Amino acid sequence: MNRKFIKGILHRPRWELPQSEVTPEAVFRERRRITAMLGFGSIAASLPGYVQAGIFDLFGEPQALAPTRQLNFTVDQQYQTSETQTPYDKVIRHNNFYEFGTGKQDPFENAQKFKVDPWSLTIDGLVDKPLTLGYDDLYKLLPLEQRTYRLRCVEAWSMVIPWVGFPLAALLKKVGVSSKATHVAFETLFDPEQMPGQRNPLMGGGIHYPYVEGLRLDEATNELTFMAVGLYDKTLSPQSGAPIRLVVPWKYGFKSIKSVVRIRLVDKQPPSSWNQLVPHEYGFYANVNPQVDHPRWSQASERRIAEGGLFNAKRIPTLPFNGYAEQVAAMYQGMDLRKFF
Ligand SMILES: Nc1nc2c(c(=O)[nH]1)N[C@H]1C(S)=C(S)[C@@H](COP(=O)(O)O)O[C@H]1N2
Ligand SMILES: [Mo]
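For the protein, the name recorded in an unreviewed UniProt entry is Protein-methionine-sulfoxide reductase catalytic subunit MsrP, with Shewanella fodinae as its organism. What UniProt records for the protein under Subunit (unreviewed entry) is the sentence "Heterodimer of a catalytic subunit (MsrP) and a heme-binding subunit (MsrQ)." Looking at the protein in UniProt, the text filed under Sequence similarities (unreviewed entry) is "Belongs to the MsrP family."

Right, let's get into the nonpolar core. Trp119, Leu121, Ile123, Trp163, Leu168, Trp250 and Ile263 are the most contacted members of the largest nonpolar core, which has 81 residues in total. Looking at which element gives the most residues to this core, the answer is strand S5 (residues 157-167), with six residues. Excluding anything up to four places from it in sequence, Trp163 contacts Glu145, Gln146, Arg147, Tyr149, Phe226, Ala228, Gly230, Leu231, Leu236, Arg245 and Val247.

This paragraph deals with unusual backbone geometry. A cis amide bond links Tyr209 to the next residue, Pro210, at an omega of 5°. Positionally, Pro210 belongs in the loop between helix H9 (201-204) and strand S7 (212-216). Residue Pro243 is bonded to the preceding Ala242 through a cis peptide linkage, with omega at -5°. One non-glycine residue with positive phi stands out, namely Tyr232, at about 50°. The residue Tyr232 is located in the loop between strand S8 (226-231) and strand S9 (234-235) in this model.

The rules behind these values
- Residues numbered from 1 in each chain as written.
- Chains lettered and ligands numbered in written order.
- Predicted model: local features only at pLDDT ≥ 70, side-chain atom pairs only at ≥ 80, totals over all residues.
- Heavy atoms only, no water.
- UniProt positions renumbered as here; feature names shortened; annotations may be inferred.
- Core = buried A, V, L, I, M, F, W, Y, C linked by side-chain atoms within 4.5 Å.
- Buried < 20%, exposed > 50% of the residue type's maximum accessible area, 1.4 Å probe, protein only.
- Helix = DSSP H or I, 4+ residues; strand = E, 2+ residues; numbered from the N terminus.
- Contact = heavy atoms within 4.5 Å.

See below:
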């Protein structure tokens, strides 16, 4: 059914009531919290269930959130920050994941039924021992650690997110990288039945799916490059790239590919979805750089989404390599970063 395929224009038909009058406790509490925030809590909470559901249709609140589990991990003090973390609620409600729509809230609205178990992640190509991981392996193969990184989107907003996962370098060590490999190619799941943006070009933003990304081998094995399976203390929600996504904190967010099914060691520069779509605006390197503007806007500053809401998010200066120059700048010595943007 084509309910709501253009954001803000075609809404869910009014006559379509929720499947059930029974509201799961967590969802109910969440609704109460939001209505309270909006200042009509006591009124809304006293309304019949279907009227509440109607109110939440306005905000596209899903009927139930995808389940998440607690994770066990160590906290790596080396990779923490004194900056205010973006609250969990915002991290899971403001996303880019075009497979579920191009609006910032579309992934939250459309991804809750995304199935991540079973999952299959294959690491192959120029490796000694190709490896395929199932869902449980993602949490067991390597020790999990928490790292708090800044995430800077090319659209000039940013968040501070505590990720749980493991360094990509540790995973690559398991498979043994061949000396012929120069780059690493990544691929997101292709499943148009589950991902409306992959079957409806209007929703998918023109990207040619599956979404792909790539790194140079030295970038992939840099100490900062991380595979995340969780955020805060839980497994990833679908909208954040469950069950496993890449996090490359010194590059624009589009390099941090979500819901990865394949990691392939190769001997040439792999394609990158945003670079393929608009090559003069999005480069392969995509290193955060306040001195190289996007053709349509400045990259000198960013809106930091922390407490206080999207609309009064603070504008702060953007740092070279998103503040990680010490760990990564040496990899680009002698390169013209305007040419290789
Ligand atoms: N498969 C896939 N990965 C993706 C995207 C996407 O649309 N599809 N969007 C990217 C962009 S533009 C950004 S800014 C980050 C956003 O991550 P977040 O939603 O967890 O903040 O995911 C990146 N990874
Ligand atoms: Mo982005």
